[in-house]
Amino acid sequence: MFLVNLAQVHYRAFRYRTTLGLYLSAAEIARKAGAWDDLARVHTALSSIYLEFSDANSALLAIQSAMRACARFANAADTATATLLLEVTLQAATVFSELGRWRESEELYEDGIERARAMDAHSREAWAWDKLGVSRLKR
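Summarised in this report is the structure supplied together with it. Quantities reported herein were computed from a predicted structural model and do not represent experimental measurements.

### With respect to the side chain of Ser-47
Next, step 1: With respect to the element layout, Ser-47 can be found in helix α3 (residues 36–52).
Next, step 2: According to the relative accessible area criterion, Ser-47 is buried, its value standing at 0%.
Next, step 3: Looking at Ser-47, its side chain comes within polar contact range of the side chain of Gln-91, at 3.1 Å.
Next, step 4: In contact with Ser-47, other than residues within four places in its own chain, are Ala-59, Ala-62, Ile-63, Gln-91 and Val-95.

Okay, structure coming up:
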């Protein structure tokens, strides 16, 4: 988590190459440690950064890695896990929308809306509705 926080500092200082290197190092450490929740967080962040640089294909690879990591702990019922699964779901929906994969995107946004509703995460639910609407307008 130290490397993730350090990556965020470098990101805010516009040091993108360093940011990506730190995230990739954090991902490798999490993978080796079997810290699947941390690995999912790191890959979700990487996916978001790749999208910011209009690299949707790399964003897709990163979010697919996050989804695979989530599959290893998806049965956990705690709030932190539910929040992480929500964030991964919404990021995946965003990536698919950017790639023009409308059906998958909309299914993931709808899943995210239901997850947010179940958690009483009203701001995340509203955000997901907004993004679903944008996705439908693009389509």
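### Here's the deal with the nonpolar core
Next, step 1: Membership of the largest hydrophobic core comes to 41 residues, with the highest contact counts inside it found for Tyr-23, Ala-40, Val-42, Ile-63 and Val-88.
Next, step 2: Taken together, the elements giving at least two residues each to this core come down to α1 (2–12), α2 (16–33), α3, α4 (56–71), α5 (79–98), α6 (102–118) and α7 (122–138).
Next, step 3: It is α5 that contributes the most residues to this core, 9 residues altogether.
Next, step 4: Here Ala-40 is in contact with Ala-66, Ala-69, Cys-70, Phe-73, Leu-84 and Val-88, once residues within four sequence places are set aside.

### A word on the pattern of salt bridges
Next, step 1: Scanning all chains against the criterion turns up 14 salt bridges.
Next, step 2: As a salt-bridge pair, Arg-124 and Glu-87 come within 2.8 Å of each other at their nearest N and O atoms. Of the two residues, Arg-124 sits in helix α7 while Glu-87 sits in helix α5, which places them 37 residues apart along the sequence.
Next, step 3: The salt bridge partner of Glu-106 is Arg-139, with a shortest N-O separation of 2.8 Å. Of this pair, Glu-106 sits in helix α6 while Arg-139 sits in the segment after α7, and the two are 33 residues apart along the sequence.

### Observations concerning the packing of aromatic side chains
Next, step 1: In the structure shown here, the tally under the stated rule is 3 aromatic pairs.
Next, step 2: Taken together, a centroid distance of 4.8 Å and an interplanar angle of 70° make the contact between Tyr-16 and Phe-53 edge-to-face. With Tyr-16 in helix α2 and Phe-53 in the loop between α3 and α4, this residue pair connects regions lying 37 residues apart in the sequence.
Next, step 3: The rings of Tyr-11, Phe-14, Tyr-16 and Phe-53 are connected pair by pair, giving a single aromatic cluster.
Next, step 4: Just above the ring of Trp-127 sits the side chain of Arg-124; from NZ or CZ to the centre is 4.7 Å.

Here is what the cut-offs are and how they apply
Residues numbered from 1 in each chain as written. Predicted model: local features only at pLDDT ≥ 70, side-chain atom pairs only at ≥ 80, totals over all residues. Heavy atoms only, no water. Helix = DSSP H or I, 4+ residues; strand = E, 2+ residues; numbered from the N terminus. Buried < 20%, exposed > 50% of the residue type's maximum accessible area, 1.4 Å probe, protein only. Polar contact = N/O pair within 3.5 Å; in protein donor to acceptor, adjacent residues only side chain to side chain. Contact = heavy atoms within 4.5 Å. Core = buried A, V, L, I, M, F, W, Y, C linked by side-chain atoms within 4.5 Å. Salt bridge = Lys/Arg side-chain N within 4 Å of Asp/Glu carboxyl O. Phe/Tyr/Trp six-rings, centres within 6.5 Å; stacked < 30°, edge-to-face > 60°. Lys NZ or Arg CZ within 6 Å of the ring centre and 35° of its normal.

By themselves, these figures tell us nothing about what the structure is for.
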